[in-house]
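One-letter residues, chain by chain:
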Amino acid sequence: MALSRHFLVWMLAVLSLPLADPVVAARVEAATWTVGGVERTFRVATPDGWDGQTPLPLVLALHPFGSNGDAFLRSSGWLDVSDRHRVMVISPDGSRRAGANGFNWNSYAFDGSSPDDLGFLAALPSEVARRWPVAATRVYVTGFSNGAMMASSLACAHTRLFAAYAPVSGGWLSAYGGSEAPCTPAAPVDIWLWRGERESQVTGTSNPQPRDVQDAAQRDFWVAHNGGGMPVSVTESITIDGRSVTHRTQRWNSAAETWFTEVAGASHQYFPGAAERIWSEFFVGRQLDASTPTTPADPGLECAWSLFGNGVARGVALAANGDVWVAGSYAGSLALGGRQITSRGQSDAFVARIDANGQVLALAGLGGAASDVATDIVVSDDGRIFVTGGFTGVLGEGTPTLPAFGRMDTFVAELDASAAVVSAISMGGTGDDYGNELDARDGRVAIAVNATSGISVPPLGALPYSGGDEGYVVVLDDRLRPLSSHQVGGAGAASVRAVAIGAGMITFAGECLGDLQMLGASRRCDDSTDGYVAGLSIASGEAWVRFADGTGLQSVRGVGIDGMGNVTALGRFDAAARLDAAVHLTSFGSKDLMVWRLDSRGRTLGALPVGSAGNDEGGELVVFPNGVFSIAGHFRGAPVLKRLDSPPHQGGADEVVLSFSGRGDLIGISRGGGAGDEIHYAMAESTRGNVTVGTYFGDTRFGSRASNGEGFYVSFRKFVPMIAPRAAGGGPVTTGATPPATRSDAVRTARRDPTR
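Remember, it's a predicted structure, so these values are computed and weren't measured experimentally.

### What to know about the nonpolar core
- Ranked by size, the top nonpolar core spans 43 residues in total, and within it Met88, Leu154 and Trp222 carry the most contacts.
- Judged by nonpolar contacts, the second largest core, of 31 residues, contains Val89, Trp192, Val245 and Val263.

Encoded structure:
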């Protein structure tokens with residue numbers, strides 16, 4: 001006898017359905033299908049204005065005990081979702097009568113016993129696709145109460161038929177007093193479980209079990225099945241019909257996604273707003289994929305070329321023609337790819353241009369009689385080359401004479417194809433300051449400046465100064481004429497580590513200690529430093545600031561903006577981090593990287609920890625217009641990766657580059673390593689692959705190229721997909737608006753500052 005013969009029943013399910021939305025335009029038609037000699041009935045909702053030919057995503061929506069498909073379709077919110085998001089929603093009737101107009105489902109009947117609702121629902125999407133155009137890889141299932149139990153049954157028995165599952169307020173196998181043994185999923189399952197905080201006791205079972213016990217058991221089963229790990233916890237206030245409702249969600253991102261949401265103060269119901277959230281945040285980005293995850297040969301063997309030099313490489317950029325631009329510093333002489341230059345002072349900045357095959361086309365030094373450094377280099381969206389750093393006195397022979405302000409000043413210069421300076425600007429104060437990072441896009445150049453005193457920017461004059469180490473964001477036009485500036489400082493200490501331009505905004509990030517003022521916001525930062533991310537609308541001046549705090553040191557070192565204005569930030573944290581007082585992360589080791597995703601208004605979309613059991617560093621980030629992003633750092637252990645086996649740890653600190661889909665699925669990896677240390681500084685990436693720079697100590701290897709000693713490396717590697725993503729979605733780091741995980745030209749490269 002199937003477990004469902006115990007007749008697990010939700011007596012209040014129908015009464016607790018929300019009222020139907022009276023303003024919906026989606027079309028609903030009744031349909032029948034005779035299966036095994038039994039006529040089955042269902043409703044089909046399609047969006048108003050649909051041409052009947054364009055394939056639509058398909059959602060299977062399952063009613064609770066005592067209800068029917070038509071009533072659930074009209075009361076659950078899925079009719080509105082169908083019309084708003086151009087989705088086909090199928091809502092069938094259960095097999096057994098429950099009242100005059102109601103039905104129920106033979107859930108958890110894995111033995112095929114009659115009525116075989118499991119077999120019927122597994123076959124229904126194919127029958128629907130035979131009659132209507134359906135996007136075959138975008139098929140999903142949700143349900144409420146007894147219907148949620150049926151959705152869970154499908155997740156157990158038909159793992160590969162649906163791209164994602166969302167049971168809402170559904171009982172679990174443990175309610176029968178048994179185990180989860182009958183549930184044997186064949187593969188990881190993307191599943192979003194929902195419950196009300198005040199869910200009542202289950203009735204009608206031989207061994208009743210409280211709902212909180214059942215729900216915890218169901219959550220723990222899917223978390224364990226999908227690979228375990230640490231959850232990201234998010235508490236959100238959702239406004240529904242003018243009323244604020246708190247949703248508390250835990251998200252595990254392992255072999256598949258497990259999300260678990262509790263609705264504060266809610267009882268047993270298909271929660272208002274749940275259909276919209278399930279579609280736009282969970283279903284929309286996930287797709288079925290018939291491919292099987294595979295692990296190819298060591299991606300390091302895909303290294304196209306590598307160069308080694310003496311000194312420190314701190315910035316790198318990729319031009320549209322495949323040329324690689326590298327910036328850094330050296331002392332004495334620098335030999336690279338058959339070219340050689342000699343410093344004029346204690347140390348000089350250098351810039352190198354390398355073609356797509358690893359041939360050095362240009363190598364130039366910048367600096368005077370003292371110490372100079374280049375910290376970042378960027379190729380603008382119209383192909384121009386800009387470099388920043390710190391200089392003392394002069395940039396070099398043949399370069400424009402720049403005003404000097406103190407011991408070390410900030411410079412920004414435009415270069416020609418031979419790496420010669422075309423034009424330049426300086427800014428500074430009486431102490432030491434330098435350009436930390438820059439971006440050039442949309443006719444603007446934005447520079448992140450760190451200073452030990454206030455700075456002056458001709459012709460803007462002296463910028464505000466509060467007394468400590470401070471950061472500034474200075475915005476220039478593409479002819480290097482100052483437009484505006486923004487102070488990050490206070491009585492404590494602050495820095496700006498990263499800056500990006502895109503989607504009509506400027507975003508920047510860094511860290512703070514003590515009292516801080518910026519963009520109209522004030523805060524007391526922790527004694528061990530807090531991280532921050534800030535955004536500023538270029539047109540309106542509207543600004544926002546969000547902070548990362550918690551146990552130990554928090555810092556944000558990289559930012560990027562995708563084509564929709566979403567901001568991806570990359571930082572590091574010790575032990576535990578709290579992002580915008582909502583998202584909590586726990587580290588894998590003593591120090592880890594964190595990915596933080598926000599929308600264009602600064603609202604947190606999610607977060608992801610990345611690290612190993614060791615002490616990990618980094619802050620390098622590339623964001624593509626469609627939301628795909630790559631991060632890089634150096635790991636003192638095998639990084640804990642979702643969906644993939646970790647690359648072997650070679651010894652010391654290994655450089656690793658990880659690529660993610662817009663929704664957080666890991667889709668690629670490349671690395672370098674050896675018995676020594678590879679300290680990663682910067683990365684750039686395009687459709688051709690990624691190029692990284694950093695310093696090395698001792699034995700190091702990138703593909704077939706190796707070196708033993710001390711210096712910097714430049715390594716270009718082809719992008720290597722480790723798996724064909726099982727789903728084009730599935731992560732805690734974006735919204736449902738993110739396009740599929742395909743690549744286009746990179747919009748941002750983030751790099752390290754010279755103080756790290």
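### Overview of the side chain of Asp433
- With respect to the helices and strands, Asp433 occurs in strand 24 (residues 433–441).
- The side chain of Asp433 is buried and forms no salt bridge, while Arg407, the nearest opposite charge, is found at 8.5 Å.
- Ignoring sequence-local partners within four residues, the contact set of Asp433 consists of Gly390, Met408, Asp409, Thr410, Met427, Gly428, Asn450, Ala451 and Ile455.

### Comments concerning the sheet that holds strand 19 (residues 360–366)
- In spatial order, the strands read 14-15-18-19; together these 4 strands make up an open sheet with antiparallel pairing. Each edge of the open sheet is held by one strand with a lone partner, namely strand 14 (312–318) and strand 19. Across the sheet, the mean angle from the axis of one strand to that of its neighbour is 15°, orientation sign disregarded.
- Here strand 18 (residues 348–354) runs beside strand 19; their pairing, made up of 6 bridges, is antiparallel. Paired with Ala349 across the bridge in strand 19 is Leu366.

### Describing the state of the cysteines
- Applying the stated criterion to the full structure yields 2 disulfides.
- Across the disulfide from Cys512 sits Cys525; the S-S distance is 2.0 Å. The sign of the S-S torsion, about -85°, decides the handedness of the disulfide formed by Cys512 and Cys525: left-handed. A residue pair is termed long-range when its members are at least 10 positions apart, and Cys512 in strand 31 (residues 505–518) and Cys525 in strand 32 (residues 521–537) qualify at 13 residues.
- Of the residues examined, Cys512 reaches a relative accessible area of 1% and is grouped as buried.
- Exposure remark for Cys525: the relative accessible area of 2% places this residue in the buried category.
- The connectivity of the disulfide bonds within the chain can be written as 1-2, 3-4, using the sequence rank of each bonded cysteine.

### What about the packing of aromatic side chains?
- Taken as a whole and assessed by the stated rule, the structure comprises 22 aromatic pairs.
- Ring centres 5.7 Å apart and planes at 70° place the aromatic pair Phe162 and Tyr165 in the edge-to-face group.
- Between Phe350 and Phe712, the ring centres sit 5.3 Å apart and the planes meet at 20°, which makes this aromatic pair stacked. Of this pair, Phe350 sits in strand 18 while Phe712 sits in strand 46 (residues 705–718); the two residues are 362 residues apart in sequence, bridging distant segments of the chain. The two residues Phe350 and Phe712 agree in class, both being buried.
- Within the aromatic cluster, the residues linked to one another by ring pairs are Trp78, Tyr140, Trp192, Trp194, Trp259, Phe271, Trp279, Phe282 and Phe283.
- Directly above the aromatic system of Trp259 lies the positively charged group of Arg286, at a separation of 5.8 Å from the ring centroid.
- Between Arg523 and the ring centre of Phe547, over which it is positioned, the NZ or CZ distance is 4.3 Å.

The rules behind each value
- Residues numbered from 1 in each chain as written.
- Predicted model: local features only at pLDDT ≥ 70, side-chain atom pairs only at ≥ 80, totals over all residues.
- Heavy atoms only, no water.
- Core = buried A, V, L, I, M, F, W, Y, C linked by side-chain atoms within 4.5 Å.
- Buried < 20%, exposed > 50% of the residue type's maximum accessible area, 1.4 Å probe, protein only.
- Helix = DSSP H or I, 4+ residues; strand = E, 2+ residues; numbered from the N terminus.
- Lys, Arg positive; Asp, Glu negative; His and termini not counted.
- Salt bridge = Lys/Arg side-chain N within 4 Å of Asp/Glu carboxyl O.
- Contact = heavy atoms within 4.5 Å.
- Pairing = 2+ DSSP bridges.
- Axes fitted to C-alpha atoms, helices over the stretch in contact; angles between N-to-C directions.
- Disulfide = S-S within 2.5 Å.
- Phe/Tyr/Trp six-rings, centres within 6.5 Å; stacked < 30°, edge-to-face > 60°.
- Lys NZ or Arg CZ within 6 Å of the ring centre and 35° of its normal.

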